[in-house]
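# Examining the three-dimensional arrangement
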Amino acid sequence: MKKATMILDRDFAIGAVDPRIYGSFIEHLGRAVYGGIYEPGHPEADELGFRKDVLEKVRQIGVPVVRYPGGNFVSGFNWEDSVGPAADRPRRLDLAWGTTETNEVGLHEFAAWAKKANSEVMYAVNLGTRGADAARNVVEYANHRGGSFWSDLRIRNGRKDPFGIKLWCLGNEMDGPWQMCHKTAYEYGRTANEAAKMMKWVDPSIELVACGSAAHDMPTYGAWEYEMLMECYENVDYVSLHRYYGNPTGDTPGFLARSMDLDDFIKEVVAICDAVGGRKHARKKLNLSFDEWNVWYHSNEQDKEVLKADKWGRALPLLEDVYNFEDALLAGAILITFLKNADRVKVACLAQLVNVIAPIMTRNGGGCWAQTIFYPYMHASRYGRGTALRPILQSPVYDCKDYEGVPLVDAVATMAEDGAVTIFAVNRDMKEDIRLDCDLRAFGALKVKEHIVLHHDDVKAVNTEENPDNVTPCLETGACCDGGTLTVRLPALSWNVIRLAP
Ligand code: AHR
């Protein structure tokens, strides 16, 4: 059997894990809201029309923060359309996705849903068709105690206490030509800065995310971050990163190596933030909000057909990727990469949460089930809290089209306040199990509590409403911790969670 070794030490701290790295995203897109979280008349609908079966799955994951209401959608969105009596709200064409938005669910409804889901709202303002004025007004509406035009309107709309939204996105993917009112880096940086100043004058306690590039491979990537930050560094707190991966050619080893690209992307954006900080002689450091990440390619062709058949339809089945087992492995490797960069990645959002490129699927009027990617996401969120520990890892490697020296085993660990240690590991080997020996001497006597494994013999295996448990985790026996050394078998192509307790 191939062998990998790892040394972990309580002193090798990367940083505190910000729970918000287990965030997600709900956009007014497809069936994320209508038919996803909200379906009045469904047997599982609660008194507000929210599906209880979906809420249960969201709570099962533990999603500390949910980005809302977009996405590309937000760049044409009038937040005022989404408050007040639901019957009076306008129906609008959504130019981002070619559909019709009815505004049945708006700010008040979403905040109520988020509370039921035990999540905070991360609210994006429109810096496309709107600007700084609308942005400062929605902060006043949401967060001001009362006694002003917008806060009194909130109270008249039935919400006495402020929503207290702490985290705000300054627009979405403003570097992308597909965005409504796309901007140059300078234009965006100026707009974001003015919006940020006014939003913080209304509520100084909020935190703001400036738009980084829409992807690592955007032609303006790098220059965009530098130039826009030169305009707004002082008034923002985070820079966003977005990244989606696909495997259209069926190159599994190459696909599973994509977390290397993610790691490069993170380190480069950190370097640019710090370069701008240095150039400005700033003492403040910016952190990262990786507020869109996932696999996204399975549904691309189907979406063209859906829109051809029903352009401007409501709640169309768009971006409904059906995730397979290899997608779950990459999701696991991505979560490991966030933990390895826990000192600077403070927010991350799996895009998205329900139906739209999502871990949770529903059928209108029907069931609700977990896709393959649900499991690594849930495991990391449930067990990956506390302090992230830097592993000293020796693993056999492989080469693929875009990368040389890809470690077959990727791993990281977290340590909780009660001394519990959790190791997350992916075995990328297509054929062979790998024995991992982990030196844990510095932790005293630890016992193996459980070894959770996600594996399927078929990398293309999926979960469906009819067969929801096709790809599900199981418990492995055999991991053993003796004399400060953990020995564990990582099955070929597997996601592993090894939970150790004092
Ligand atoms: O998550 C789907 C879309 O991907 C978002 O609306 C946009 O921000 C990104 O391009």
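A quick note: this is a predicted structure, and the numbers were derived from the prediction, not measured.

### Describing the overall build of the chain
- When helices and strands are tallied, the chain shows 11 helices and 26 strands.
- For the chain, whose C-alpha radius of gyration is 23 Å, the value lies close to the compact-globule estimate of 23 Å for 502 residues.
- Taking all 502 residues of the chain together, the buried fraction comes to 62%.
- Contacts spanning at least 24 positions in sequence make up 77% of the contacts within the chain whose residues lie at least 6 apart.
- Accessible surface, the chain: about 18900 Å² in total, of which carbon and sulfur atoms supply 51%.

### Brief notes about the layout of surface pockets
- Estimates place the volume of the largest pocket at around 440 Å³.
- Its residues assigned to classes, the lining of the largest pocket shows 14 nonpolar, 5 polar and 5 charged.

### Brief notes about the packing of aromatic side chains
- Considering all chains together, one arrives at 18 aromatic pairs under this definition.
- Consider the rings of Phe149 and Trp150, whose centres lie 4.8 Å apart with planes at 90°: the pair is edge-to-face.
- Taken together, the aromatic side chains of Tyr68, Phe110, Trp113, Tyr123 and Trp168 make up a single cluster linked through ring pairs.
- Of note, Arg67 hangs over the ring of Phe25, and the distance from its end group to the ring centre comes to 4.6 Å.
- Its end group placed over the ring of Trp312, Lys311 keeps NZ or CZ at 4.8 Å from the ring centre.

### Considerations on the site of the ligand
- Around the ligand, the surrounding shell holds 13 residues, and the nearest of these are Glu27, Asn72, Glu173, Tyr244 and Glu292.
- Between the ligand and the protein, one listed contact pairs an oxygen atom with a backbone N or O atom of Asn72 at 2.9 Å.
- A distance of 2.8 Å separates an oxygen atom of the ligand from a polar atom in the side chain of Tyr244.
- Taking a 2 Å distance to the grid points as the criterion, the majority of the atoms of the ligand fall inside the largest pocket.
- Partitioning the shell around the ligand into residue classes produces 6 nonpolar, 4 polar and 3 charged.

### Describing empty space enclosed by the protein
- Tallying each qualifying case throughout the model produces 3 cavities of 30 Å³ or more.
- One number sums up the size of the largest cavity: a volume of about 90 Å³.
- Forming the walls of the largest cavity are His28, Leu29, Gly30, Tyr34, Phe73, Asp94, Thr99, Thr100, Glu101, Arg314 and Ala315.
- At 3 residues, strand β6 (residues 99-101) tops the list of elements feeding residues into the lining of the largest cavity.
- Here the residues of the lining of the largest cavity sort into 4 nonpolar, 4 polar and 3 charged.
- By volume, the second largest cavity amounts to about 60 Å³.
- Residue lining of the second largest cavity: Val74, Phe77, Asn78, Trp79, Tyr123, Ala124, Val125, Asn126, Arg130, Ala134, Ala135 and Val138, and that is the complete set.
- Looking at the lining of the second largest cavity, the elements with two or more residues in it are β7 (120-125) and α3 (132-143).

### Looking at the packing of α3 against helix α5 (residues 185-202)
- Running from N to C, α3 and α5 point in directions that differ by 20°, and their axes come no closer than 9 Å. Overall, the two elements α3 and α5 adopt an arrangement that is roughly parallel. Crossing handedness for the pair α3 and α5: right-handed. Contact residues: α3 offers Ala132, Asp133, Ala135, Arg136, Val139 and Glu140, while α5 offers Glu194, Ala195, Met198, Met199 and Val202.
- In the contact of α3 with α5, the residues fall into 7 nonpolar, no polar and 4 charged.

### Re the pattern of salt bridges
- Under the counting rule described, the total for this entry stands at 38 salt bridges.
- Ionic pairing is found between Lys304 and Glu301, a salt bridge with its closest N-O pair at 2.9 Å. Of this pair, Lys304 and Glu301 both sit in helix α9 (residues 300-310), 3 residues apart, which is roughly one turn of the helix.
- Ionic pairing is found between Glu450 and Arg499, a salt bridge with its closest N-O pair at 2.7 Å. Of this pair, Glu450 sits in strand β22 (residues 447-454) while Arg499 sits in strand β26 (residues 494-501), and the two are 49 residues apart along the sequence. Comparing Glu450 with Arg499 shows no difference in burial state: the two are buried.
- It is possible to trace a salt-bridge network through shared partners that takes in Lys2, Asp429 and Glu432.

### Structural notes on the domain arrangement of the chain
- Splitting the chain by domain gives domain 1 (2-9 + 389-501) and domain 2 (18-383).
- Inter-centroid distance (C-alpha atoms) of domain 1 to domain 2 is 30 Å.
- Facing 42 residues of domain 1, the contacting portion of domain 2 comprises 36 residues.
- Both faces considered, domain 1 and domain 2 share a buried interface measuring about 3200 Å² in area, 67% of it formed by carbon and sulfur atoms.

### Some thoughts on helix α2 (residues 107-116)
- Where α2 is concerned, the buried positions are Leu107, His108, Phe110, Ala111, Trp113 and Ala114.
- Looking at the buried side of α2, the elements it contacts are α1 (52-61), β4 (65-68), β7, α3 and α4 (149-156).
- Just beyond α2, the residue with positive phi is Asn118, at close to 60°.

### Overview of the environment of Ala117
- Tracing the backbone shows Ala117 in the loop between α2 and β7.
- When the C-alpha atoms of Ala117 and Val462 are compared, they prove to be 26 Å apart, with 345 residues separating the residues in sequence.

### Let's talk about the sheet that holds strand β9 (residues 207-210)
- Here we have 8 strands rolled up into a closed barrel, ordered β3-β4-β7-β8-β9-β10-β11-β12, and parallel in their pairing. Ignoring strand direction, the axes of neighbouring strands in this sheet form an average angle of 30°.
- In this sheet, strand β12 (residues 345-351) lies alongside strand β3 (residues 23-25) in parallel orientation, the contact comprising 3 bridges. Bridge assignment links Gly23 to a residue of β12, and that residue is Cys349.

### What about the pairing of β26?
- With 8 of 8 residues buried, β26 is to be regarded as a mostly interior element.
- Of the two faces of β26, the one holding Ser494, Asn496, Ile498 and Leu500 and the one holding Trp495, Val497, Arg499 and Ala501 are both buried throughout.
- Both strand β20 (residues 421-427) and β26 contribute to a ladder of 7 bridges, which runs antiparallel. Residue pairing across strands places Val421 opposite Leu500, the latter belonging to β26.

Cut-offs used in this document
- Throughout, a residue's number is its position along its own chain's written sequence, starting from 1.
- A pLDDT threshold of at least 70 governs which residues receive local features in this predicted model, and a stricter bar of 80 or more applies before side-chain atom pairs are shown or counted, although totals over entire chains, interfaces and linings include all residues.
- To get the side-chain values, all heavy atoms of the structure are used, and hydrogens and water are removed first.
- Working definition: helices are DSSP H or I runs of at least four residues, strands are E runs of at least two. Numbering for both runs from the N terminus.
- Atoms counted for the radius of gyration: C-alpha only. Globule rule: 2.2 Å times the number of residues to the power 0.38.
- Per-residue accessibility, obtained with a 1.4 Å probe over protein chains only, is compared with the maximum for each type, and a residue is labelled buried under 20%, exposed over 50%, and partly exposed between these values.
- Note on definitions: a residue-residue contact is assigned when non-hydrogen atoms from the two residues lie within 4.5 Å.
- The Shrake-Rupley method, run with a 1.4 Å probe sphere, supplies the accessible areas, and residue values consider only the shown protein chains as cover.
- Only protein atoms enter the 1 Å grid, on which a cavity is a set of points fitting a 1.4 Å probe that cannot get out and a pocket is an open set with protein on both sides within 12 Å along at least 5 of 7 lines, lining residues being those with an atom within 4 Å of a point.
- Grid points are joined across faces, edges and corners, and a volume is the space filled by probe spheres set on the points.
- Ten residue types, Ala, Val, Leu, Ile, Met, Phe, Trp, Tyr, Cys and Pro, are classed as nonpolar, four, Asp, Glu, Lys and Arg, as charged, and the remainder, Gly among them, as polar.
- Here the aromatic set is Phe, Tyr and Trp, taking the six-membered ring for Trp, and pairing holds for ring centres within 6.5 Å; pairs whose planes are under 30 degrees apart are stacked, those over 60 apart are edge-to-face, and all others are tilted.
- For a ring to carry a charge above it, either NZ of a lysine or CZ of an arginine must fall within 6 Å of the ring centroid while also lying within 35 degrees of the normal to the ring plane.
- Near residues are defined by distance, with any heavy atom within 4 Å of the molecule or strand qualifying the residue.
- Each polar contact in these results corresponds to two N or O atoms within 3.5 Å; when the atoms are within protein, one needs to be able to donate a hydrogen and the other to accept it, and residues that are neighboring in sequence are counted only if both atoms are side-chain atoms.
- A pocket or cavity is taken to hold a molecule when more than half of that molecule's atoms are within 2 Å of the pocket's grid points.
- To define axes, lines are fitted to C-alpha atoms, for helices over the stretch in contact only, and angles between the resulting N-to-C directions are given on a 0 to 180 degree scale.
- Orientation categories follow fixed angle ranges, with anything under 35 degrees roughly parallel, anything over 145 roughly antiparallel, 65 to 115 roughly perpendicular, and all other angles oblique.
- A crossing counts as left-handed when the near helix is turned anticlockwise from the far one by less than a right angle, and as right-handed when that turn is clockwise.
- Definition used for salt bridges: Asp or Glu carboxyl oxygen within 4 Å of a side-chain nitrogen of Lys or Arg.
- An automatic or database domain assignment supplies the residue ranges for each domain.
- Two parts lose some accessible area (1.4 Å probe) when they are put together, and adding that loss for both gives the buried area.
- Whether two strands pair depends on DSSP finding at least two bridges between them.

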